[in-house]
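Geometric and topological summary
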Amino acid sequence: MITTSLLTCSFFLFLYLVTHSKRVTPHSLFTLFGVYGDVSRVKIMYNKRDTALIQFTEATQAQLAIQYLNGKVLYDKPMRINLSKHAYVQMPRDSAEEETHLTQDYSESKLHRYNRPGSHNARNIFPPSPTLHLSNMLPSLTEVELRGSFGNAGFTVVNFQWFRARENEMGKRDQRQMALMELASVEQAMEAVIAMHDYETSDGNHLRVTFAKNPTITPRPTVPY
């Protein structure tokens, strides 16, 4: 069971892992919780491996993470959220290799979703669902490759749909594609966000993965000729 909690300073999370899983790492927590805000530090407690701490840069982002991830299942264990007495994540005082591995600072990470000027990500924050929103793909990338990449990672693709190409202010079509991919379950989708966000595709770009607005893909109506 996974628990997360918000500090009284309102931007700090406490994560409680009832059953330790080797798949739960600072990076996996950074990636998943990063869907809802910019995570600056993650610490899995050295003497209590079923406990972790997650620090956000903004109070509202931490509250969104609690709102959307509380009760969800990650790696077969449910998550719940509680308050934490800690004020911040403290980096290891010594260079013990194992403890250093369990505590990571992501304040300078290029994978933050919300610290870029003009970013629209904050307008598109949704709860976990079986359907993922994929972006940052060039036209050369195919549905077959995407289905294969997710399938090779152990995920079952139920449905797939490209977005129609958008036009910019100059009337030119956007060269980067977006798509929806529906997986077999919410749990698979959460694990896929962790595994496939920043995945390097054959076009040399790094895939951007988040949860879609709608939990299922609605087929487009057939347009008569």
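Structure first, text after, so check above.
Anyway, here's the lowdown on the structure attached to this text.

1. With respect to the packing of helix H1 (residues 26-33) against helix H5 (residues 186-196)
Packed helix pairs are characterised by how far apart their axes lie and by the angle those axes make with each other. Axis separation between H1 and H5 bottoms out at 9 Å; the angle between their running directions is 110°. When the interaxial angle is binned, H1 and H5 end up roughly perpendicular. Remark: the crossing between H1 and H5 carries right-handed chirality. In contact with Ser28, Thr31 and Leu32 of H1, H5 contributes Met190, Val193 and Ile194. Considering only residue class, the contact of H1 with H5 consists of four nonpolar, two polar and no charged.

2. Considering the packing of aromatic side chains
What characterises a pair of aromatic rings is the spacing of the ring centres plus the angle enclosed by the ring planes. One pass over the structure, following the stated rule, counts four aromatic pairs. When the centroid spacing of 6.5 Å and the interplanar angle of 55° are considered together, the rings of phenylalanine 150 and phenylalanine 155 count as tilted. In this pair, the class of phenylalanine 150 matches that of phenylalanine 155, namely buried. Judged by centre distance (5.1 Å) and plane angle (85°), the rings of phenylalanine 160 and tryptophan 162 are edge-to-face. Classification of tryptophan 162 as partly exposed rests on a relative accessible area of 21%.

3. Observations concerning the sheet that holds strand E11 (residues 208-211)
With respect to topology, four strands assemble into an open sheet ordered E9-E10-E8-E11, the strand pairing being antiparallel. In the strand order of this sheet, the two ends are held by strand E9 (157-162) and E11, each with one partner. The mean inter-strand angle of the sheet, taken between neighbouring strand axes irrespective of direction, is 25°. As judged from the five bridges shared by E9 and strand E10 (residues 177-183), these two strands associate in the antiparallel manner. Looking across to E10, one finds that asparagine 159 is bridged to glutamate 182.

4. Let's talk about the environment of threonine 142
For threonine 142, the position within the fold is in the loop between strand E8 (131-137) and helix H4 (143-152). By relative accessible area, threonine 142 is classed as partly exposed at 38%.

5. Considerations on the environment of alanine 153
Relative to the assigned elements, alanine 153 resides in the loop between H4 and E9. Taking the relative accessible area as the measure of exposure, alanine 153 reaches 39% and is therefore partly exposed. In this structure the C-alpha to C-alpha distance between alanine 153 and glutamate 191, which are 38 residues apart in sequence, comes to 10.0 Å.

6. Quick word on the nonpolar core
Membership of the largest hydrophobic core comes to 45 residues, with the highest contact counts inside it found for Leu32, Phe33, Leu132, Leu134, Phe150 and Phe211. When residues of this core are assigned to their parent elements, the largest contribution, six residues, is made by H5.

7. What about the pairing of strand E3 (residues 39-44)?
Counting buried positions along E3 gives five out of six residues, so the element sits mostly inside the fold. Sheet topology note: the E3/strand E4 (residues 51-56) ladder contains five bridges and is antiparallel. Looking across to E4, one finds that arginine 41 is bridged to glutamine 55. The hairpin formed by E3 and E4 contains six residues between the paired strands. The pairing of E3 with strand E7 (residues 103-105) spans three bridges and is classified as antiparallel. Bridging from a neighbouring strand, valine 42 pairs with glutamine 104 of E7.

8. A short note on the pairing of E8
Side-chain positions along a regular strand alternate between the two faces of the sheet. Counting buried residues along E8, seven of its seven residues qualify, which places the element largely inside the surrounding structure. With five bridges joining them, E8 and E10 adopt antiparallel strand pairing. Opposite histidine 133, over in E10, you have leucine 180 as the bridge partner. Note: E8 against E11, four bridges, orientation antiparallel. The residue of E11 that forms the bridge with histidine 133 is threonine 210.

Cut-offs applied
Residues numbered from 1 in each chain as written. Predicted model: local features only at pLDDT ≥ 70, side-chain atom pairs only at ≥ 80, totals over all residues. Heavy atoms only, no water. Axes fitted to C-alpha atoms, helices over the stretch in contact; angles between N-to-C directions. Helix = DSSP H or I, 4+ residues; strand = E, 2+ residues; numbered from the N terminus. Parallel < 35°, antiparallel > 145°, perpendicular 65-115°, else oblique. Left-handed = near helix turned anticlockwise from the far one by under 90°. Contact = heavy atoms within 4.5 Å. Nonpolar A, V, L, I, M, F, W, Y, C, P; charged D, E, K, R; others polar. Phe/Tyr/Trp six-rings, centres within 6.5 Å; stacked < 30°, edge-to-face > 60°. Buried < 20%, exposed > 50% of the residue type's maximum accessible area, 1.4 Å probe, protein only. Pairing = 2+ DSSP bridges. Core = buried A, V, L, I, M, F, W, Y, C linked by side-chain atoms within 4.5 Å.

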